[in-house]
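Residues per chain are reported as follows:
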Amino acid sequence: MTSSKVLGTFVVNGEPHEVAYAPHKTLLEVLREDLGLTGTKHGCELGECGACTVLLDGTPVVSCLVLAQEVEGRAIRTIEGLADGPDLHPLQDLFAELGASQCGYCSAGFMLAASELLERNPDPTRDEIRAAVAGNICRCTGYIKIFEAIELAAARLRGEQGQPTREMLYGS
Amino acid sequence: MNPFELRNPDSVAAASGAAGPARVFKAAGIDLLDRLKERIDDPDALVNLLPLGAELGGIGRSDDGTIRLGALVTLQQIADSDALAAPGLRALREACGEAATPQVRSRATLGGNLLQRNRCWYFRSAAFQCAHDGKGDRCLAWHGENRYHAIFGVVDCLRVHPSNAAPPLMVLGAEVEVQRGEARRRQPIAALFPDSPAAATAEHTLGADDVLIAVHLPAAAARGGSAYRESREKQSFDWATTAAAVHLGVEGGRITSASICLGAVAPNPWPVDDAQSLVGEAPSRELFEQLARRVFRRATPTEQNRYKVEVGQAILVDALLAAAGL
């Protein structure tokens, strides 16, 4: 058993960070506690809620169930890396515009899972969106606004206008 | 989690040799990290198998039609594999593709799925001491909350086997390959589960220094039709309340071979011997419903899980119909 710290380099959002951390920490704990990247949320801690979703080498994983030691040097993307400089990612714009983010605790995980979907499938169906975010729980929205936000973000990423309808914003 | 050391052996033999008291093997760690956080397990060291992908990974199909699934293959890789595209193997793809969530399936391994601990809430809570965790003298589910618990094959512990992959591998006639030290052995997958799954017995029969290397499927598994169906309370991230894997051979309108294994209803994956009664019959809903009634008539539900008798029959009939192409 050991409690001394180890030194490792984590490549988060394209930037290498050298971190001294306790060797039994999860990726979630290193991101939040050692790197100060608190956009990744600490939810159930058991892999069930998806709030801590990040992209590991481009694939969504629950960072609460990944040992930090195992991902040194690998490409990690968190919500802090979704925007392009000052320009928000269309998913971030649409989550805000549609109210797809209410309390906001699940939003980072949803957007990262959705961003991976839109990378490999620029024009997903509603069912494909449901499947892609099936590992993310939201207790506020009832999911419909999240699905609509992802659909409109997909449209904007395809170069289409992707404007919310009146019904999306105000209900029918 | 309490602190632990992470060991990264450079071979399977070294991993096997690194086993010992207070040391546990780790693949993706999906179930293990849960247990460490819940303080159910408190090892001094984790022996990490993930770096051994060259020996333990990959899905390979030989010229003779047999298939090798490395123990570190992920559930998503199985669900998406072209090598497993044959209708006879569909049950395995379906079972792995329905497990948990995309985030979990992308990391959870076949070996970990087969060897995970059960989900009984008394076992999973450090606040309770039960006969299965070795700290108590009885199964607390008998007179407690038992709606997700076993209705078949109970000895003295009501846990159910949690693996999605095990029932389809049972009906496909899979063998597991295990290494201890330098020695490798192969055994039917049924031998991975205890003959008498008592409270004092672990969910699997492997020794502390046994490393699960691979799962092998015979060429015959690809022939015929197969299906996996499960009931659960939520559409996503939920353990099955009942499950059924089926493999059927049908020629000339008659069933020529039949294999059924139920999941989530017994402490082991639960093979149905009565499946043999289907051989020689013409597949039909009536035939399958009769069989399902016979099978579940022998169930021994407890106070809160009687629903599994009805739901389990429906799930079994669904799986039989799908495997028969009806």
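Note that residues are indexed from 1 along each chain, following the sequence as it is written. Labels follow written order: the first chain is A, the first ligand is 1, and so on. Where totals are concerned, whole chains, interfaces and linings use all residues; where local detail is concerned, this predicted model gives features only for residues with pLDDT of at least 70, and gives and counts side-chain atom pairs only at 80 or more. Note that water and hydrogens are dropped before the side-chain values are worked out from all heavy atoms of the structure.

S.K.: Teacher, can you tell me more about the overall build of chain B here?
M.R.: Here a helix means four or more residues in a row that DSSP labels H or I, a strand means two or more in a row labelled E, and each is numbered from the N terminus. Scanning chain B from N- to C-terminus turns up 11 helices and 12 strands. Radius of gyration here uses only the C-alpha atoms, and the compact-globule reference equals 2.2 Å multiplied by the residue count raised to the power 0.38. Over its C-alpha atoms chain B spans a radius of gyration of 19 Å, differing by no more than 12% from the 20 Å that the globule rule assigns to 326 residues. Overall, the C-alpha framework of chain B stretches about 60 × 55 × 35 Å when taken along its three principal axes. Remark: exposure states derive from per-residue accessible area (1.4 Å probe, protein chains only) relative to the maximum for the residue type, with buried under 20%, exposed over 50%, and partly exposed in between. Counting all 326 residues of chain B, 56% fall into the buried class. The Shrake-Rupley method, run with a 1.4 Å probe sphere, supplies the accessible areas, and residue values consider only the shown protein chains as cover. For chain B, the exposed surface amounts to about 13000 Å²; the carbon and sulfur share of it is 48%. Counting 35 positive and 38 negative side-chain charges, chain B places the centres of these two groups 2 Å from one another. The convention is simple: Lys and Arg are positive, Asp and Glu are negative, and His and the chain ends are not counted. To locate a charge, take atom NZ for lysine, CZ for arginine, CG for aspartate or CD for glutamate.

S.K.: When you look at the overall build of chain A in this model, what are you seeing that I'm missing?
M.R.: Scanning chain A for helices and strands turns up 6 helices and 5 strands. A compact globule built from 172 residues would reach a C-alpha radius of gyration of about 16 Å, and chain A, at 17 Å, matches this within 12%. Across its three principal axes, chain A shows a C-alpha extent of roughly 60 × 30 × 25 Å. For chain A, with 172 residues in total, the buried portion stands at 51%. Of the contacts formed within chain A by residues at least 6 apart in sequence, a portion of 52% connects residues at least 24 apart. If you sum the accessible surface of chain A, you get close to 7700 Å²; carbon and sulfur atoms cover 48% of it. Charge-centre separation for chain A: the mean point of 14 positive side chains lies 6 Å from the mean point of 24 negative side chains. For this analysis, residues touch if any pair of their heavy atoms sits within 4.5 Å.

S.K.: Sorry if this is basic, but what is going on with the sheet that holds strand β9 (residues 225-231) of chain B here?
M.R.: In a beta sheet, neighbouring strands are held together by backbone hydrogen bonds and run either parallel or antiparallel to one another. Here the rule is simple: two strands pair whenever DSSP picks up at least two bridges between them. Ordered by their spatial adjacency, 4 strands build an open sheet running β9-β10-β11-β12 (chain B), and the pairing between neighbours is antiparallel. In this open sheet, the two edge strands, each paired with only one partner strand, are β9 and β12 (270-271) of chain B.

S.K.: Quick question: what am I supposed to make of the interface of chain A and chain B here?
M.R.: As a measure of interface size, the accessible area lost when the parts come together is often cited. Listed as interface residues are 27 residues of chain A and, on the opposing side, 27 residues of chain B. Salt bridges are counted wherever a side-chain nitrogen of Lys or Arg sits within 4 Å of a carboxyl oxygen of Asp or Glu. Counting the contacts that link chain A with chain B gives 2 salt bridges. Among the salt bridges present, the one from Lys26 of chain B reaches Glu70 of chain A, with a minimum N-O distance of 2.7 Å. Each polar contact in these results corresponds to two N or O atoms within 3.5 Å; when the atoms are within protein, one needs to be able to donate a hydrogen and the other to accept it, and residues that are neighboring in sequence are counted only if both atoms are side-chain atoms. Summed over the shared surface of chain A and chain B, the result is 9 residue pairs in polar contact (both at pLDDT 80 or more). At 4 residues, the largest contribution of residues to the side of chain A that touches chain B is made by strand β4 (residues 59-62) of chain A.

S.K.: Help me understand the sheet that holds strand β5 (residues 75-77) of chain A, please; the structure alone is not making it clear to me.
M.R.: All names here are of chain A. Judged by pairing direction, the sheet is mixed, and its 5 strands sit side by side in the order β2-β1-β5-β3-β4 without closing on themselves. At either margin of the open sheet sits one strand with a lone partner, and together these are β2 (15-21) and β4. Each neighbouring strand pair of the sheet contributes to a mean axis angle of 40°, computed without reference to strand direction. By the bridge criterion, 7 bridges tie strand β1 (residues 6-12) to β2 in an arrangement that is antiparallel. For Thr9, the partnering residue across the bridge sits in β2 and is Glu18. This element, helix α1 (residues 27-34), spans β1, β2, β3 (53-56) and β5 of the sheet and lies at about 95° to β2. Axes here mean lines fitted to C-alpha atoms, for a helix over just the part in contact, with angles spanning 0 to 180 degrees between N-to-C directions.

S.K.: What exactly am I supposed to notice about the packing of aromatic side chains here?
M.R.: Here a ring pair, both rings aromatic, is described through the centre-centre distance and the interplanar angle of the planes. Note on aromatic pairs: the rings of Phe, Tyr and Trp (six-membered ring only in Trp) are paired at centre separations within 6.5 Å, and the planes decide the class, stacked below 30 degrees, edge-to-face beyond 60, tilted for the rest. If you walk through the whole model with that rule in mind, you get 8 aromatic pairs over all chains. When the ring centre of Trp239 of chain B is taken as origin, the NZ or CZ atom of Arg119 of chain B, which lies over that ring, is 4.0 Å away. Only Lys NZ and Arg CZ are tested; either one counts as a charge over a ring when it is within 6 Å of the ring centre and within 35 degrees of the ring normal.

S.K.: Could you clarify how one ought to interpret the packing of helix α10 (residues 285-297) of chain B against helix α11 (residues 307-324) of chain B in this entry?
M.R.: Between two packed helices, the angle of one axis relative to the other and the distance separating the axes together describe the packing. Residues and elements named next belong to chain B. Contact geometry of α10 with α11 gives a least axis separation of 9 Å together with a crossing angle of 145°. For the element pair α10 and α11, the recorded crossing hand is right-handed. Of the residues in α11, those in contact with Arg285, Phe288, Glu289, Leu291, Ala292, Arg293, Val295 and Phe296 of α10 are Lys308, Val309, Gly312, Gln313, Leu316, Val317, Leu320, Leu321 and Ala324. Counted by class, the contact of α10 with α11 contains 11 nonpolar, 2 polar and 4 charged residues. Crossing handedness: left-handed means the near helix sits turned counterclockwise from the far one by under a right angle, and right-handed means the same turn made clockwise. Amino acids are sorted into nonpolar (Ala, Val, Leu, Ile, Met, Phe, Trp, Tyr, Cys and Pro), charged (Asp, Glu, Lys and Arg) and polar (every other residue, Gly among them).

S.K.: Even after reading the chapter, I still don't get the packing of helix α2 (residues 90-98) of chain A against helix α5 (residues 144-157) of chain A, so can you show me in this structure?
M.R.: All names here are of chain A. Packing of α2 against α5 brings their axes to within 8 Å, and their N-to-C directions diverge by 140°. In terms of orientation, α2 lies oblique with respect to α5. Helix-helix and strand crossings are classified by hand; for α2 and α5 the assignment is right-handed. Of the residues in α5, those touching α2 at Pro90, Leu91, Asp93, Leu94, Phe95, Glu97 and Leu98 are Lys145, Ile146, Glu148, Ala149, Ile150, Leu152, Ala153, Arg156 and Leu157. Of the residues assigned to the contact of α2 with α5, the class counts are 11 nonpolar, no polar and 5 charged. Angle categories are assigned with fixed cut-offs, so that under 35 degrees is roughly parallel, over 145 is roughly antiparallel, 65 to 115 is roughly perpendicular, and the rest are oblique.

S.K.: Honestly, α2 of chain A in this entry has me stumped. Any pointers?
M.R.: The periodicity of an α-helix, 3.6 residues per turn, causes residues three or four positions apart to be oriented the same way. Residue and element names in this part refer to chain A. Here α2 has its buried residues at Pro90, Leu91, Gln92, Leu94, Phe95 and Leu98. The secondary structure elements touched by the buried residues of α2 are α3 (107-120), α5 and α6 (166-170). Phi turns positive one or two residues past the end of α2, at Gly99, with a value near 70°.

S.K.: Mind showing me how you'd approach the confidence of the model for chain B here?
M.R.: The predicted coordinates of low-pLDDT regions are not to be read in fine detail. In predicted models, pLDDT denotes the confidence assigned by the predictor to each residue on a 0 to 100 scale. Averaged over all residues, the pLDDT of chain B equals 97, while 100% of them reach at least 70. ipTM for the predicted complex: 0.93, alongside a pTM of 0.96.

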